[in-house]
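Architecture at a glance
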Amino acid sequence: MKILTVDDSDVQLRIVKAVVKSAGHEAVGATDGQVAWDMLQKEHYRLIITDWMMPVLNGLELIQRIRAANWASYTYIILLTSQDTKSQVIAGLNAGADDYLTKPFDPAELVARLGIAQRILDLEARLADMARQDLLTGLANRRALYETLQAALSQATREQSPLSLVLVDLDHFKLVNDQYGHPVGDQVLQRVAETLSKNKRGYDTVGRWGGEEFLVILPNTDLDQAMIAAERLRATLAAAQLVVTDKISITLNASLGVTSTQHTPSPFTIETLLKQTDAALYQAKGNGRNCVRAFTA
Ligand SMILES: [Mg+2]
């Protein structure tokens, strides 16, 4: 793990960095709270070890800023300071530190406390993964798709590159549930998810948008290329035998709606793009299903 260590004393900083490295981590140094804060604007550090008494921005102020920022990923903070009275320890923890260690410190104790931090951060990462995954199919869920879409849209705007979306909706899926029951319907959705995952392009993200709808995010892809990718997915799905049990094998078609930032007035929003994809899908359904349609204004 890459750990940010903050201390205004050169000697202290060097000692802490050496201990961090001895525990198998990478150590990056900052000489006061403000320097650390500026670094945090450019890169997220999951673990910070900070001194309290420092010029410009002290450790407590740094911690308070980090907690107020309320970033999506957790930042575990160890306060490492010579302020060692009971009331100071309480003030440090109340400011938002996760752990408190007084100087001079025992290197073995800091290493042990890094172990605690690692356990908590591993758990946090696991929970974050679970929160982004669709339980049934294992694909990205709607929350994860939103995040990916937001990042892809920022990148497209920054690099002035096209971004396309494909919304896949299974045709007459309700009949599967009605005829075979919901457990079989669930297995069909899992087979469809596998088929889409296997046949998407490397840089694309596929996720379950909801029900029998799947969303594919295609970065750096214009409308023509997206139509080709969508048509390939449609054909693959139509040709696939979705084997559910020894006796049941189902063939399902899908309708696909496609849109691209190319034909959307700038600045694009996620909502506009999704609305357009939905409109295109509606056209595909109206056109007899099992086909791909692009959004037209
Ligand atoms: Mg100091």
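Residues numbered from 1 in each chain as written. Predicted model: local features only at pLDDT ≥ 70, side-chain atom pairs only at ≥ 80, totals over all residues. Heavy atoms only, no water.

1. So, the coordination of the magnesium ion
Coordination of the magnesium ion by the protein comes from Asp 8 (OD), Asp 51 (OD) and Met 53 (O), over a distance range of 2.1 to 2.3 Å. As a motif over one chain, the donors of the magnesium ion read D-x42-D-x1-M. Placement of the pair is Asp 8 in the loop between strand S1 (2-6) and helix H1 (10-22) and Met 53 in the loop between strand S3 (47-50) and helix H3 (59-69), with a sequence separation of 45 residues. Judged by relative accessible area, which is 38%, Asp 8 ranks as partly exposed. (Donors = N, O, S within 2.8 Å, 3.2 Å for Na, K, Ca; no water. Helix = DSSP H or I, 4+ residues; strand = E, 2+ residues; numbered from the N terminus. Buried < 20%, exposed > 50% of the residue type's maximum accessible area, 1.4 Å probe, protein only.)

2. Concerning the packing of H1 against helix H5 (residues 107-131)
As a packed pair, H1 and H5 sit with axes 10 Å apart at the nearest point and diverge in direction by 55°. By the angle class used here, H1 and H5 are oblique. The two elements H1 and H5 meet at a crossing, and its hand is right-handed. Contacts from Val 16, Val 19, Val 20 and Ser 22 in H1 reach Pro 107, Leu 110, Val 111 and Leu 114 in H5. The residue makeup of the contact of H1 with H5, split by class, is seven nonpolar, one polar and no charged. (Axes fitted to C-alpha atoms, helices over the stretch in contact; angles between N-to-C directions. Parallel < 35°, antiparallel > 145°, perpendicular 65-115°, else oblique. Left-handed = near helix turned anticlockwise from the far one by under 90°. Contact = heavy atoms within 4.5 Å. Nonpolar A, V, L, I, M, F, W, Y, C, P; charged D, E, K, R; others polar.)

3. Regarding the domain arrangement of the chain
For the chain, the assigned domains read domain 1 (2-131) and domain 2 (142-294). A straight line from the C-alpha centre of domain 1 to that of domain 2 covers 43 Å. (Domains from an automatic or database assignment.)

4. A word on the sheet that holds strand S2 (residues 26-30)
On the basis of which strands lie adjacent, the open sheet formed by five strands has the order S2-S1-S3-S4-S5 and parallel pairing. Both edges of this open sheet fall to S2 and strand S5 (99-102), since each of them pairs with a single strand only. Direction aside, the axes of adjacent strands within the sheet are offset by 20° on average. On top of the sheet, H5 reaches S1, S3, strand S4 (76-81) and S5; it is set at about 165° to S4, its chief contact. (Pairing = 2+ DSSP bridges.)

5. Regarding the side chain of Thr 259
With respect to the element layout, Thr 259 can be found in strand S11 (residues 254-260). For Thr 259, a relative accessible area of 3% translates into the label buried. Polar side-chain contacts of Thr 259 include one of 2.8 Å to the side chain of Gln 276. Those residues in contact with Thr 259 that lie beyond four places of it in its chain are Leu 163, Ser 164, Leu 165, Leu 223, Leu 273, Gln 276, Thr 277 and Phe 295. (Polar contact = N/O pair within 3.5 Å; in protein donor to acceptor, adjacent residues only side chain to side chain.)

6. Section: the pairing of S5
The pairing of S4 with S5 spans four bridges and is classified as parallel. Across the sheet, residue Leu 79 finds its bridge partner in S5, namely Tyr 100.

7. Some details on the sheet that holds S11
One open sheet accounts for five strands, arranged S7-S8-S6-S11-S12; its pairing is mixed. The sheet terminates laterally at strand S7 (205-210) and strand S12 (292-294), the two strands that pair on one side only. If you compare each strand with its neighbour and ignore which way they point, the axes differ by 20° on average. By the bridge criterion, three bridges tie S11 to S12 in an arrangement that is parallel. Note on S12: the bridge partner recorded for Leu 256 is Val 292. Along the sheet, helix H6 (residues 142-159) contacts strand S6 (163-170), S7 and strand S8 (213-219); its crossing angle with S7, the most-contacted strand, is approximately 130°.

8. A word on the pattern of salt bridges
Per the stated rule, a full pass over the model turns up 14 salt bridges. Between Glu 194 and Arg 191 there is a salt bridge; the shortest N-O distance is 3.3 Å. Of the two residues, Glu 194 and Arg 191 both sit in helix H8 (residues 182-199), three residues apart, roughly one turn of that helix. Take Arg 191: its relative accessible area is 23%, and that puts it in the partly exposed class. Of the charged contacts in the structure, one is a salt bridge between Asp 204 and Arg 201, with a shortest N-O distance of 2.7 Å. Here the salt bridges share partners, and the residues they tie into one network are Asp 7, Asp 51 and Lys 103. (Salt bridge = Lys/Arg side-chain N within 4 Å of Asp/Glu carboxyl O.)

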